[in-house]
Amino acid sequence: MPIYEYRCDGCGHEMEVMQKMSDDPMKDCPVCKESKLKKLISASGFRLKGSGWYETDFKNYKKSSGNNSGSQSSGGCGGSCGCH
Ligand SMILES: [Zn+2]
């Protein structure tokens, strides 16, 4: 049975759940009881690389979005983010 990783958008709780492919994805977080669980990509091998990239990217995103909370650009980078 494949193992799926979930992360809760509400409290940040992460967990691994063994599920059948045919099972519905879980939604309810066991910690905060909110329906904010999101399934993460968890193919083994890809996972280590992926989670490292994901964490760094997520932190940067949080930081910059906090600084620019006033301005609303049309999504993604407007050329001033250094990713070009
Ligand atoms: Zn939670």
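Quick caveat: nothing in here was measured; it's all calculated off a predicted structure.

Visitor: Before we go on, may I ask you to explain the overall build of the protein in this structure?
Guide: Counting its regular elements, the protein contains one helix and three strands. A fraction of 35% describes how many contacts in the protein between residues 6 or more apart in sequence connect residues 24 or more apart.

Visitor: I would appreciate a short explanation of the sheet that holds strand β3 (residues 37-40) in the present structure.
Guide: Strand pairing in a sheet relies on backbone hydrogen bonds. The paired strands run either parallel or antiparallel. What the three strands build is an open sheet, ordered β2-β1-β3; its pairing is antiparallel. Of all strands in the sheet, those bounded by a partner on one side alone are β2 (14-18) and β3. For this sheet the average axis-to-axis angle between neighbouring strands, irrespective of direction, equals 35°. Of the pairings in the sheet, the one linking strand β1 (residues 3-8) to β3 comprises four bridges and is antiparallel in character. By the bridge assignment for β3, Glu5 is matched with Leu40.

Visitor: Even after reading the chapter, I still don't get unusual backbone geometry, so can you show me in this structure?
Guide: Most peptide bonds are trans, and most residues other than glycine sit at a negative phi. Residue Lys33 is not a glycine yet carries a positive backbone phi of 65°. Within the element layout of this structure, Lys33 appears in the loop between β2 and β3. Under the C-beta neighbour-count criterion, Lys33 is labelled exposed, with 11 such atoms within 10 Å.

Visitor: Quick question: what am I supposed to make of the environment of Val31 here?
Guide: By the element assignment, Val31 lies in the loop between β2 and β3. Expressed as a C-alpha distance, the spacing of Val31 and His13, which sit 18 residues apart in the sequence, is 7.2 Å.

Visitor: Before we go on, may I ask you to explain the pairing of β2 in this structure?
Guide: Regular strands have side chains that alternate between both faces of the sheet. Counting buried positions along β2 yields zero of five residues, so the element is predominantly exposed. With five bridges joining them, β1 and β2 adopt antiparallel strand pairing. Residue Ile3 lies in a different strand from β2, and its bridge partner there is Met18. Hairpin connection of β1 to β2: five residues between the antiparallel strands, including Gly12 at a positive phi of 80°.

Visitor: Just to check I follow, could you spell out the environment of Lys27 for this structure?
Guide: Among the structural elements, Lys27 can be located in the loop between β2 and β3. By C-beta crowding, Lys27 is classed as partly exposed, having 13 other C-beta atoms within 10 Å. Sequence spacing of Lys27 and Cys8 is 19 residues, and the spatial spacing of their C-alpha atoms is 8.6 Å. In contact with Lys27, not counting residues within four places along its chain, are Ser35 and Leu37.

About the thresholds
- Residues numbered from 1 in each chain as written.
- Predicted model: local features only at pLDDT ≥ 70, side-chain atom pairs only at ≥ 80, totals over all residues.
- Helix = DSSP H or I, 4+ residues; strand = E, 2+ residues; numbered from the N terminus.
- Contact = placed C-beta atoms within 7 Å.
- Pairing = 2+ DSSP bridges.
- Axes fitted to C-alpha atoms, helices over the stretch in contact; angles between N-to-C directions.
- Buried ≥ 20, exposed ≤ 12 C-beta atoms within 10 Å, placed from the backbone.

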